[in-house]
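The chain contents come next:
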Amino acid sequence: MNIPRPEHPNPQIERKNWINLNGEWDFSFESPTYELAINVPYPWGSPLSGISDSHSGKGWYRRR
């Protein structure tokens, strides 16, 4: 998997044990059915997220 922006967001205060949550996540709107995939850290509606829908409301994320 290609992880976007793998670097620490603020290298001056990087902790030894931090977890990068960027990458592909299961995703759905309104209910946890997870029929889509989203590329984090980009928000839905952004071309880089992989979800062009500019839906307003809840978004459900899951990563295993």
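The structure this text deals with has already been given above.
Heads up: these notes are all about the structure in this document. (Residues numbered from 1 in each chain as written. Predicted model: local features only at pLDDT ≥ 70, side-chain atom pairs only at ≥ 80, totals over all residues. Heavy atoms only, no water.)

**Concerning the sheet that holds strand β2 (residues 36-40)**
Across the sheet, 3 strands lie side by side as β2-β1-β3; this open sheet has antiparallel pairing. Two strands close off the open sheet at either side, each with one partner strand: β2 and β3 (59-62). Strand-to-strand twist in this sheet, taken as the mean axis angle between neighbours without regard to direction, amounts to 45 degrees. Looking at chain direction, strand β1 (residues 23-29) and β2 are connected through 5 bridges and run antiparallel. In the strand pairing of β2, W25 is matched with I38. (Pairing = 2+ DSSP bridges. Helix = DSSP H or I, 4+ residues; strand = E, 2+ residues; numbered from the N terminus. Axes fitted to C-alpha atoms, helices over the stretch in contact; angles between N-to-C directions.)

**Points about the packing of aromatic side chains**
Considering all chains together, one arrives at 5 aromatic pairs under this definition. Taken together, a centroid distance of 6.4 Å and an interplanar angle of 80 degrees make the contact between W25 and Y61 edge-to-face. With W25 in strand β1 and Y61 in strand β3, this residue pair connects regions lying 36 residues apart in the sequence. By relative accessible area, W25 is classed as buried at 16%. Residue classification places Y61 among the partly exposed positions, given a relative accessible area of 35%. Here the aromatic rings of F27 and Y61 are separated by 4.9 Å at their centres, their planes lie at 70 degrees, and the arrangement is edge-to-face. Of this pair, F27 sits in strand β1 while Y61 sits in strand β3, placing them 34 residues apart in sequence. Within the aromatic cluster, the residues linked to one another by ring pairs are W25, F27, F29, W44 and Y61. (Phe/Tyr/Trp six-rings, centres within 6.5 Å; stacked < 30°, edge-to-face > 60°. Buried < 20%, exposed > 50% of the residue type's maximum accessible area, 1.4 Å probe, protein only.)

**Topic: the nonpolar core**
Core analysis: the largest hydrophobic core is formed by 6 residues, namely W25, F27, F29, I38, V40 and I51. When contributions to this core are tallied by element, the ones reaching two or more residues are β1 and β2. Looking at this core element by element, the count peaks at 3 residues for β1. Contacts of F29, omitting those with residues within four sequence positions, involve E35, L36, W44, I51, D53, H55, K58 and W60. (Core = buried A, V, L, I, M, F, W, Y, C linked by side-chain atoms within 4.5 Å. Contact = heavy atoms within 4.5 Å.)

**A word on unusual backbone geometry**
Even without a glycine there, the phi angle at E30 is positive, about 70 degrees. If you trace the backbone, E30 turns up in the loop between β1 and β2. For E30, a relative accessible area of 43% corresponds to the partly exposed category.

Geometry only, nothing functional implied.
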